[in-house]
Amino acid sequence: MIELIYDFLYWPIYWYVILFISAALLTAWFKLPLITLSTIGILLLWASDVSPTILYSTIAIAAIFSIPFIRQHLVSRIILIVAKTLQIFPKVSKTEQAALDAGTVWMDKELFSGSPNIKRLMTQDIQGLTPDEQAFLSGPVTELCHMIDDWHIQKTKKIPDDVWTFIKDNRFLGMIIPKEHGGLGLSAIGHAAVIERIASVSATMAITIMVPNSLGPAELLLHYGTQDQKDRYLSKLATGEEMPCFGLTEPTAGSDAGGLQSEGIVFKGDDGELYLRFNWDKRWITLSGISTVIGLAFLLKDPNQLLNGATNYGITCALIPTNTPGVDVSLRHDPLGVPFMNCPTKGRDVVMPLSCVIGGTAGIGNGWTMLMDCLSAGRGISLPSLSSGGAQALVRASSSFGVIRQQFGMSIGQFEGIQEPLARIVGQTFILTAGRNYTCGAIDQGEKPSVISAILKCHSTELFRKIVNDSMDIMGGAGITQGPRNVCTSAYKAAPIGITVEGANILTRTLIIFGQGALRCHPYAYNEVAAAEANNLKGFDRAFFGHIGHIFCNMLRAIVLTATQGLFSTHFGTVLSPYYRRLVWTSSVFALMADASMLVFGGALKSKQKITGRLGDVLSWMYLATATMVHYRSLATPAMKPILTWSLDYCFYNVQVALVGFFENFSWLTRTTLAPLFRWLPIGKYPSDALGKKVAQLIQADTAIRNTCTSSIFIPSNNRDGLSKLDTTYHQLIEIQPIVYAIKKSIKAKQLPKKPIVDVLDEAVIKNICTPQDAERVRLAEHARLDAIQVDAFTHQDYFSQS
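Residues numbered from 1 in each chain as written. Predicted model: local features only at pLDDT ≥ 70, side-chain atom pairs only at ≥ 80, totals over all residues. Heavy atoms only, no water.

1. Let's talk about the overall build of the protein chain
On a plain count of helices and strands, the protein chain comes out with 36 helices and nine strands. Dimensions of the protein chain, computed from the C-alpha atoms along their principal axes, are close to 105 × 90 × 45 Å. Looking at the protein chain residue by residue over its 803 residues, the buried ones come to 54%. Pairs at least 24 apart in sequence give 75% of the contacts found in the protein chain among residues at least 6 apart. Only carbon and sulfur atoms are counted for the fraction: they give 58% of the accessible area of the protein chain, which is about 35000 Å². A gap of 6 Å separates the mean positions of the 69 positive and 64 negative side-chain charges of the protein chain. (Helix = DSSP H or I, 4+ residues; strand = E, 2+ residues; numbered from the N terminus. Buried < 20%, exposed > 50% of the residue type's maximum accessible area, 1.4 Å probe, protein only. Contact = heavy atoms within 4.5 Å. Areas by Shrake-Rupley, 256 points an atom, 1.4 Å probe, with all protein chains shown as cover. Lys, Arg positive; Asp, Glu negative; His and termini not counted. Charge placed at Lys NZ, Arg CZ, Asp CG, Glu CD.)

Below is the structure:
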């Protein structure tokens, strides 16, 4: 032992360097405290017999940077002063601060970390429907779907009175209101399932029911209303006795709430009580034309300081009955011909008591916080469910059409040109459904994941637009000819609406997802900014040096994982393992990209929206890949593997596109080094043609898989509309495939003449190739096929009566 120590003390100096570098790498990889590396370095210097000056100088430097109290006063104080002088940290406005404070941080923090915990990501609990929710879905929801005639609604631009009565009587407008207040009290999963099913029948009906159950008076009252306000409104909102709308958007305030001009001015009435005099000009307010109460976002002003405080209190929310003098809800917008009730509303000198403020006096000036907090959950349910339901219906319709429609003597679904968009429709719908389920599961666990909800809203509506466009291409003329048989045009017209509302996707992608995520989800960035703003030296020191260590750790991880294409993440043994490794690899690179962006651009990063948009894309597709893996695990259906593989390959392909785009445009250095490197060692590639073919064939041939992929939708069995006709005919054609195959085989063997199958059925029966019953089934199926591919046509009178 003594000889070993003696030999160690007289090693060549390069061995000590190698040992120190190894220790540094291990410290960074396992995120060990800095004092660990400092101690090892000092011991190695002591063992290498360096001069006392170097040894003591190293000890002093190590002490300065490793002992927090010393570091705070000798290093962090100077850094804080310089950072504030140079305005390195972004300025956060009040509206931005409210958005940052809203909701909760969830799995987005794992993805931002650079070393996500795969076990935690994969074990998120997603509850099923309760017995009451299942009964509601099977009962009133199914009955409502039977009642809906979407073509009639599009034609008349009106929801029939009997449908409205049914909606109100069955409390569809009170799905989020607890049972104790007369509502249904549905979970997020239950709420989403209802919207999905209705959306598969009618986008107009889904939007109409969705809006009162999203951001609006009911949601705000539940979280912030006074007891008197809850008692007065909630039970009536649940039954439709009170019809709500919410007024936020106006000509000068769309994505930027800071442009709000609607105001409520405090004044004292003749009776000595305090009142508000409102003036507003709102637009694009769903249901306002039939509403009885408006939830209004406005600027509360108190020029005479009657509230004994400020003169301007900022954004506030109030409840205003529409029968109040000065309220105008008489006009209506026409959003692309989709006939849900969307209207402007104006108010001129509308007087209400101060008690109309949601939350009473405690709610004054807190309107934006209320809105952001509620939106952080609601945005993850409504529009994603609308998109998922519509997408699943189009999977069903497109796959049916691929089997039914024949050209050149074969079903068009056998053509590679059709299989390519059909595979996209199936894979993107699988991603969309997975994201909806995963997010709703979190909301049901009490999370309000604001960044995740923004991701899901943005990408679910974008995916739906792609799915609709591909479906239109597959159906060709049948997709563009309007009428009761058409299954595409309603969704085609509605898709841009989802993209525009609840935070336009351009804004959401370029400003919100990474903009909020960079501060909110980053392990240290938000604490750095908050500590700097508060001049909290201790907090700043902890966050800043934690951030430095985080950067070095992720730099090492990114280098190692890129060099090994994720193999060092040590996930092996399952069908998902290669994608676990890609996810960890992506996270490490993304974390480094995020820190590099904040370091280089500082407070100016908000204006670099092409950069933040690509960073947001990486974060978004990591999340959607995670949700897709969790969804596949919950299905426990190995036959779904081709769809899983296509979906995950598509997710990581989009990650790859965003990464290379970032490196191409970040700096000349990344453009000449990292962009070529990631083209050579790509994180993802577009799904192969062979894989796409498998997916397309699977969705057309395997009815069990088809049912799994479209389990949330409603399919009428009465052959009344286009989807019903397509689905019924599809099943008839699938059932007769063995008979058709036997007849085709006989034609090829020249046992039967080379004619259309329906023309040789009698001879096939005579030669015992098929039975008379089989021949009749083929005739019926062919008749149904010819009927299913028909399109609508109108007399001149009927055509012009629609307009």
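Okay, back to it.
2. Digging into the pattern of salt bridges
Applying the stated rule across the entire model yields 21 salt bridges. Put simply, Arg436 and Glu196 hold a salt bridge, and the shortest N to O gap is 2.6 Å. Separated by 240 residues along the polypeptide, Arg436 in helix H18 (residues 416-444) and Glu196 in helix H12 (residues 188-199) bring together distant segments of the chain. For Arg436, a relative accessible area of 5% puts it in the buried group. The partner of Arg777 in a salt bridge is Asp774, with the nearest N and O atoms 3.4 Å apart. Placement of both Arg777 and Asp774 in helix H35 (residues 772-788) is noted, with a separation of three residues, approximately one turn of the helix. (Salt bridge = Lys/Arg side-chain N within 4 Å of Asp/Glu carboxyl O.)

3. Focus: the nonpolar core
The biggest cluster of nonpolar side chains holds 135 residues, and the ones touching the most others in it are Leu619, Ile643, Leu659 and Ile743. Per element, the largest residue contribution to this core is 14 residues, and it comes from helix H27 (residues 641-666). Setting aside its immediate chain neighbours within four residues, Leu659 contacts Val589, Met593, Val618, Phe678 and Ile683. Judged by nonpolar contacts, the second largest core, of 61 residues, contains Phe136, Leu186, Ile294 and Ala318. (Core = buried A, V, L, I, M, F, W, Y, C linked by side-chain atoms within 4.5 Å.)

4. A look at the packing of helix H13 (residues 203-210) against helix H17 (residues 382-404)
Two elements in contact, H13 and H17, have axes whose closest approach is 11 Å; the angle formed by their N-to-C orientations is 160°. With respect to H17, the axis of H13 lies roughly antiparallel. Remark: the crossing between H13 and H17 carries right-handed chirality. Here Ala203, Ala206, Ile207 and Met210 of H13 come into contact with H17, specifically with Ser382, Leu383 and Leu386. A class-by-class count of the residues in the contact of H13 with H17 yields six nonpolar, one polar and no charged. (Axes fitted to C-alpha atoms, helices over the stretch in contact; angles between N-to-C directions. Parallel < 35°, antiparallel > 145°, perpendicular 65-115°, else oblique. Left-handed = near helix turned anticlockwise from the far one by under 90°. Nonpolar A, V, L, I, M, F, W, Y, C, P; charged D, E, K, R; others polar.)

5. Comments concerning the confidence of the model for the protein chain
Per-residue pLDDT for the protein chain averages 89, and the proportion of residues at 70 or more is 92%. Under a pLDDT of 50 for its full length, residues 1-10 has, in the predicted model, seven contacts with residues more than four places off or in other chains. (pLDDT = per-residue confidence, 0-100.)

6. Quick word on the environment of Arg582
Position of Arg582 relative to the elements: it lies in helix H25 (residues 577-601). Apart from residues lying up to four places away in sequence, Arg582 is in contact with Asp649, Phe652, Ile683 and Gly684.

7. Quick look at the environment of Ile499
On the secondary structure map, Ile499 appears in helix H21 (residues 489-500). On the basis of relative accessible area, Ile499 is assigned to the buried category, the value being 10%. Taking the C-alpha atoms as reference points, Ile499 and Ser460, separated by 39 residues in sequence, lie 8.9 Å from one another. Excluding residues that lie within four positions of it along the chain, Ile499 makes contacts with Lys457, Thr461, Glu462, Arg465, Ala504 and Asn505.

8. Section: the environment of Phe714
Take Phe714: it is sitting in the loop between helix H31 (703-709) and helix H32 (722-735). Here Phe714 falls in the buried class, since its relative accessible area comes to 8%. The sequence separation of Phe714 and Ser200 amounts to 514 residues, and the corresponding C-alpha distance is 6.3 Å. Those residues in contact with Phe714, other than ones at most four positions away along the chain, are Thr142, Cys145, His146, Arg197, Ser200, Val201 and Leu723.

9. Description of the packing of helix H9 (residues 131-147) against helix H11 (residues 161-169)
In helix packing, the relevant descriptors are the interaxial angle and the interaxial distance, both defined with respect to the helix axes. The geometry of H9 relative to H11 is characterised by a closest axis approach of 11 Å and an angle of 170° between their N-to-C directions. Accordingly, the angle class assigned to the pair H9 and H11 is roughly antiparallel. Contacts between H9 and H11 involve Pro140, Glu143, Leu144 and Met147 from the former and Asp162, Val163, Phe166 and Ile167 from the latter. Class assignment for the residues of the contact of H9 with H11 results in six nonpolar, no polar and two charged.

10. Digging into H18
For H18, built from 29 residues, the straight-helix expectation of 42 Å at 1.5 Å per residue is met to within 8% by its first-to-last C-alpha distance of 42 Å. Of all 29 residues that make up H18, 25 are buried, and the element is covered over most of its length. Immediately downstream of H18, the backbone of Gly446 shows phi near 95°, a positive value. (Expected span 1.5 Å × (residues − 1).)

11. Looking at the packing of aromatic side chains
Within the structure shown, the criterion is met by 27 aromatic pairs. Judged by centre distance (4.9 Å) and plane angle (70°), the ring pair of Phe112 and Phe590 falls under edge-to-face. Linking Phe112 in helix H7 (residues 107-113) with Phe590 in helix H25, this pair joins segments that are 478 residues apart in sequence. A relative accessible area of 0% places Phe590 in the buried class. Centre to centre, the rings of Phe136 and Phe172 are 5.0 Å apart; their planes meet at 45°, and the pair counts as tilted. Of the two residues, Phe136 is situated in helix H9 and Phe172 in the loop between H11 and H12; the sequence distance between them amounts to 36 residues. According to the relative accessible area criterion, Phe136 is buried, its value standing at 9%. (Phe/Tyr/Trp six-rings, centres within 6.5 Å; stacked < 30°, edge-to-face > 60°.)

12. So, the pairing of strand E5 (residues 312-321)
In terms of burial, E5 is a largely internal element, seven of the ten residues being buried. Pairing of strand E4 (residues 293-301) with E5, which is carried by nine bridges, proceeds in the antiparallel orientation. Among the inter-strand pairings, Leu296 is bridged to a residue of E5, identified as Ala318. (Pairing = 2+ DSSP bridges.)

13. Observations regarding unusual backbone geometry
Of note, Leu336 is a non-glycine position whose phi angle comes to about 55°, a positive value. Its place among the elements puts Leu336 in the loop between strand E6 (327-328) and strand E7 (342-353). Phi is positive for Phe408, close to 55°, though the residue is something other than glycine. Residue placement: Phe408 occurs in the loop between strand E8 (406-407) and strand E9 (410-411). Of the residues examined, Phe408 reaches a relative accessible area of 78% and is grouped as exposed.

14. Digging into the side chain of Arg614
Looking at where Arg614 falls in the secondary structure, it is placed in helix H26 (residues 609-635). One buried charged residue, Arg614, remains without a salt bridge, the closest side chain of opposite sign being Asp617 at 6.6 Å. Residue contacts for Arg614: discarding those within four places in its chain leaves Arg509, Ala658, Gly661, Phe662 and Asn665.

15. Structural notes on helix H30 (residues 689-701)
Taking 1.5 Å per residue, 13 residues should reach 18 Å; H30 reaches 18 Å between its end C-alpha atoms and fits that length. Among all positions in H30, only Leu691, Gly692, Val695, Ala696, Leu698, Ile699 and Gln700 are buried. Where H30 is buried, its residues touch H17, H18, H27, H31 and H32.

16. Regarding a nonpolar patch on the surface
On the surface, a nonpolar cluster with roughly 370 Å² of combined accessible area is contributed by Ile78, Val82, Leu86 and Ile88. Secondary-structure assignment places Leu86 in the loop between helix H5 (68-85) and helix H6 (94-101). (Patch = residues over 30% accessible without salt bridge, like charges linked within 9 Å, V, L, I, M, F, W, Y side chains within 5 Å.)

17. Some details on the state of the cysteines
Scanning the model with the defined rule gives zero disulfides in all. Here Cys709 stays free of any disulfide, with the sulfur of Cys651 as its closest cysteine sulfur at 15 Å. (Disulfide = S-S within 2.5 Å.)

18. Describing the pairing of strand E2 (residues 263-268)
Here six bridges tie E2 to strand E3 (residues 274-286), and the two strands are oriented antiparallel to one another. Of the residues in E3, the one forming a bridge with Val266 is Leu276. Between E2 and E3, which pair antiparallel one after the other, the connecting turn spans five residues, and Gly272 there sits at a positive phi close to 85°. Pairing between E2 and E4: three bridges, direction parallel. When the sheet's bridge partners are listed, Glu263 is paired in E4 with Leu299.

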